[in-house]
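# A look at the structure
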Amino acid sequence: MQRSPLNYRTAFLLALGISLLMNLIFIIMFFYGRDAVMPRDGEPVRQTFKLGNTLMHLFFNFLVAFLLYLINFRLLRNRWASRYKWLYIVLITIVCAGVISYVCSVIQLQFQDFGPHPERFIRGGMFRDYFIAVVVLLSSQLIYLSYKQQQTVLENEMLLAENLKTRLTALKNQVDPHFLFNSLNTLNSLIRIDTDKAQEYVQQLSFVFRYTLQNKDVISLEEELKFTRAYCMLMQIRYGDSLQFVELVDEKYYDYQVIPLSLQILVENAIKHNVVSNRQPLKITISTSDQDTISVSNPVQLKKESEGGEGIGLANLTERYRLMWQQEIIISYTEDRFEVIIPLKK
């Protein structure tokens, strides 16, 4: 969570800024050595700006502002349920400003001569400090409202991230049962055709399932390719020369990242929806491009009746890339060729 700006450091910096601004004229006149004519008992008296007086003004203005900021910050941090919170803060600040101003004025009277009518100085000091109180109230509210707005935005982003994480987990949980169901169907068919190939199929299948059991959100392209090659070998055991795979992948992309099972899903879809036979062999090409993408393409030779399934493969992959990286996969479909392009992440 973001750290609250309602702290001692913020109070110190703001109070210092207010005291410098309010005494800017005193500071300038001190450095330039100018005098001022100040009325005292109805008579104009020339007053020289001394370093001690200037520093005293700075200190007490800073002290008033600093204490008022601390009080406001403490009140704002309290979680009041009352709708009159703002009114309470204003009243408490006004009372505290009067008390602090009076105490500071009395202390200053001990160090500086203000003539036979010190009450005028006290009234002037209280007027000045009430002005400081107004500045403190407004600035504190602005800081507090800005902080609350940032907190709201941050909380919304965290809720959105949790929601996306939940959706992504649900999508990942869909993949494993989907792959298991199709693999068992393939094994069931193969057992009736060739028991020797079925045994080899089981060995390769064990490697494939070890890969699917890993709990990773992203994986290197090199690892994904190893898994895809194993899956392709499983399919070639079943289909023989009727199924061909061409890999045109530049090794410079091996360290790039992809979402697990990306290529396998595309290969599986190509096999599921197209005719694979001796008369119509299916060639599936996996290739990279200079646009930091990898594609899986195949000629279009659709079955008259596609194999059953809920169609979660490609839709699942599209949603996972959208949630993980806010990127879209590209689907290119013509009369002769079908291609899916997925992004690679450095």
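Residues numbered from 1 in each chain as written. Predicted model: local features only at pLDDT ≥ 70, side-chain atom pairs only at ≥ 80, totals over all residues. Heavy atoms only, no water.

## Observations regarding the overall build of the protein
- Helix and strand content of the protein: nine helices and nine strands.
- Buried residues in the protein amount to 40% of all 346 residues.
- Counted over contacts in the protein with a minimum sequence separation of 6, partners at least 24 positions apart contribute 72%.
- Here the protein has roughly 20600 Å² of accessible surface; of this, 58% comes from carbon and sulfur atoms. (Helix = DSSP H or I, 4+ residues; strand = E, 2+ residues; numbered from the N terminus. Buried < 20%, exposed > 50% of the residue type's maximum accessible area, 1.4 Å probe, protein only. Contact = heavy atoms within 4.5 Å. Areas by Shrake-Rupley, 256 points an atom, 1.4 Å probe, with all protein chains shown as cover.)

## With respect to the nonpolar core
- Residues Leu 221 and Ile 342 are the most contacted members of the largest nonpolar core, which totals 46 residues.
- Where this core is concerned, the elements lending two or more residues are helix H5 (118–193), helix H6 (195–212), helix H7 (221–239), helix H8 (262–273), strand E6 (282–289), strand E7 (293–299), helix H9 (312–325) and strand E9 (337–343).
- For this core, the element with the most residues is H7, which contributes ten residues.
- Once residues within four sequence positions are removed from consideration, Ile 342 is found in contact with Ser 262, Leu 263, Leu 266, Thr 293, Ile 294, Leu 317, Tyr 321 and Ile 329.
- Ranked by size, the runner-up nonpolar core spans 26 residues in total, among them Phe 60, Phe 62, Cys 104 and Val 136. (Core = buried A, V, L, I, M, F, W, Y, C linked by side-chain atoms within 4.5 Å.)

## Points about a negative patch on the surface
- Judged by side-chain charge, Glu 222, Asp 250, Glu 251, Asp 255 and Asp 290 come together as a negatively charged surface patch.
- Here Asp 290 is to be found in the loop between E6 and E7. (Patch = residues over 30% accessible without salt bridge, like charges linked within 9 Å, V, L, I, M, F, W, Y side chains within 5 Å. Salt bridge = Lys/Arg side-chain N within 4 Å of Asp/Glu carboxyl O. Lys, Arg positive; Asp, Glu negative; His and termini not counted. Charge placed at Lys NZ, Arg CZ, Asp CG, Glu CD.)

## Thoughts on the environment of Thr 293
- Relative to the elements of secondary structure, Thr 293 occurs in strand E7.
- Taking the C-alpha atoms as reference points, Thr 293 and Ile 330, 37 residues apart in sequence, are found 10.0 Å from one another.
- With residues up to four places along the chain from it excluded, the contact list for Thr 293 reads Ser 287, Thr 288, Ile 341, Ile 342, Pro 343 and Leu 344.
- Of the polar contacts made by the side chain of Thr 293, one reaches the side chain of Ser 289; its length is 2.6 Å. (Polar contact = N/O pair within 3.5 Å; in protein donor to acceptor, adjacent residues only side chain to side chain.)

## What about unusual backbone geometry?
- Positive phi is not limited to glycine here, since Asp 292 has a value of about 60 degrees.
- Looking at where Asp 292 falls in the secondary structure, it is placed in the loop between E6 and E7.
- Overall, the relative accessible area of 24% leaves Asp 292 in the partly exposed class.
- In the Ramachandran plot, Gln 326 falls in the positive-phi region, its phi being about 55 degrees despite a non-glycine side chain.
- As for its placement among the helices and strands, Gln 326 is situated in the loop between H9 and strand E8 (330–333).
- Given the relative accessible area of 59%, Gln 326 is considered exposed.

## With respect to the pattern of salt bridges
- By the definition in use, this model includes four salt bridges.
- As a salt-bridge pair, Glu 319 and Arg 322 come within 2.7 Å of each other at their nearest N and O atoms. Of the two residues, Glu 319 and Arg 322 both sit in helix H9, three residues apart, roughly one turn of that helix.
- What makes Glu 319 buried here is its relative accessible area of 16%.
- Two residues, Glu 328 and Arg 322, come together in a salt bridge whose shortest N-O distance is 2.8 Å.
- On the basis of relative accessible area, Glu 328 is assigned to the partly exposed category, the value being 45%.
- By relative accessible area, which is 33% here, Arg 322 ends up partly exposed.
- Among the charged side chains, a salt-bridge network with shared partners connects Glu 319, Arg 322 and Glu 328.

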